[in-house]
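Fold and geometry: a report
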Amino acid sequence: MIYILEDDDNIRKLIKYSLKSQGFEIHDFDVPSKMWCQLKNQKPDLFLLDIMLPEEDGISILKKLRSDPNTSSIPVIMLTAKDSEYDVVTGLDAGADDYVTKPFGMMALVSRIKAVLRRYEKKDGKNEILEAGGIKIDENKHSVFAGENQIFLTVKEFDLLVLLIKHRGNVLSREQLLESIWEISSDVESRTVDVHIRTLRKKLGDYENNIETIRGVGYRFI
C-alpha cells in the first residue's frame, strides 16, 4: 500500500495510474487532513509526499511521521519541484529516504520506489556486524553506532555507509554509488550522491572524516 499526497490533480492521477499498473495498491490524497484521517485506519508501506501543500507543508508532515513510533519506520520519498541543495538537505535531515524532483519520468519513479521498498524488507539469515573506524553496524537490525552513540540513518545513508565500509580503502565513483544504491544510472544527478554523503557525514559527527572525498572521482572509507 502506497499513500500519495499531492495537491496537483493531474500529477497525482498520473502517479496513481502508473503505480497501479505496476501492481501497487494506492490511496491518494489532495490535502494532508485526508491522509491523517485515513492513517488512523490503515498504515501504508511507503509515503510519497509533495513539499508544497495546502494546510501544511511536506517537511512538517515528514517530521510528524518520523516522531510517531507508529510511522517512524515507514519509508518516505519526497516529490517536489524544489531542487535546490538546501531543500534536498532539509528533506534528508528530516528523515526522507529519497527525493524526486519534478518533472520526473514515471518509470524512474517506480524504480526508486521499488529500490526503497526492497531495502526495507526484513533480511533473513545470520546478522552481519560491520566494524571499522569506530563505527559499528548491525545490517539486519539497521542499527549504527558511532563510538558509543547510536545514530539514525535513512535507508540511502545506511546503504552508502555499508557499501563504503565493505570497500574500505577503495575509491568508489559517484557512478558506482548511483548504480549500487539507487540501482539506476540515469534520471539521477551525481549531486544526489554528494548531498547524501554530506548528510551522512553530519550524522557521523566526530567520525565524519572517515569518509574521504577523492576530488573528481568519488569517495572512500578510510
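Owing to the predicted nature of the structure, the values given are computational and were not obtained by experimental measurement. (Residues numbered from 1 in each chain as written. Predicted model: local features only at pLDDT ≥ 70, side-chain atom pairs only at ≥ 80, totals over all residues. Heavy atoms only, no water.)

Turning our attention to helix α6 (residues 155-166). Structural remark: α-helix, 3.6 residues per turn; residues separated by three or four positions point the same way. The end-to-end C-alpha distance of α6, which contains twelve residues, comes to 16 Å, matching closely the 16 Å that a straight helix rising 1.5 Å per residue would cover. With eleven of twelve residues buried, α6 lies mostly within the body of the structure. The set of residues buried in α6 consists of V155, K156, E157, F158, D159, L160, L161, V162, L163, L164 and I165. (Helix = DSSP H or I, 4+ residues; strand = E, 2+ residues; numbered from the N terminus. Expected span 1.5 Å × (residues − 1). Buried < 20%, exposed > 50% of the residue type's maximum accessible area, 1.4 Å probe, protein only.)

Helix α8 (residues 191-204) packs onto α6 with a crossing angle of 85° between their chain directions and a minimal axis gap of 10 Å. Comparing the axis directions of α6 and α8 gives the class roughly perpendicular. Contact residues: α6 offers K156, E157, L160, L161 and L164, while α8 offers H196, I197, T199, L200, K203 and L204. Among the residues making up the contact of α6 with α8, the classes are represented as six nonpolar, two polar and three charged. (Axes fitted to C-alpha atoms, helices over the stretch in contact; angles between N-to-C directions. Parallel < 35°, antiparallel > 145°, perpendicular 65-115°, else oblique. Contact = heavy atoms within 4.5 Å. Nonpolar A, V, L, I, M, F, W, Y, C, P; charged D, E, K, R; others polar.)

This part takes up the nonpolar core. In this structure, I135, I137, V144, L161, I165, I211 and F221 are the most contacted members of the largest nonpolar core, which totals 27 residues. Looking at this core, the elements with two or more residues in it are β6 (129-132), β7 (135-138), β8 (143-146), α6, α7 (174-182), α8 and β12 (218-221). With seven residues, α6 is the largest single contributor of residues to this core. If we ignore the near neighbours within four places in the chain, the residues touching I137 are E128, I129, L130, S143, V144, F158, L161, V162 and I165. Grouped together as the second largest cluster of nonpolar side chains are 24 residues, F29, L62, I74 and V195 included. (Core = buried A, V, L, I, M, F, W, Y, C linked by side-chain atoms within 4.5 Å.)

What follows covers the environment of R168. Within the element layout of this structure, R168 appears in the loop between α6 and β10 (172-173). Residues contacting R168, with those up to four places away along its chain left out, are A132, G133, F221 and I222.

This brings us to the pattern of salt bridges. In this structure the tally under the stated criterion is 14 salt bridges. A salt bridge links D28 to K16, with the shortest nitrogen-to-oxygen separation between them at 3.1 Å. Of the two residues, D28 is situated in strand β2 (residues 26-29) and K16 in helix α1 (residues 9-21); the sequence distance between them amounts to twelve residues. Among the residues examined, D28 registers a relative accessible area of 24% and is labelled partly exposed. Residue R220 pairs with E212 through a salt bridge whose shortest N-O separation is 2.7 Å. What makes R220 partly exposed here is its relative accessible area of 26%. (Salt bridge = Lys/Arg side-chain N within 4 Å of Asp/Glu carboxyl O.)

It is worth stressing that arrangement in space is one thing and function is another; only the former is reported here.
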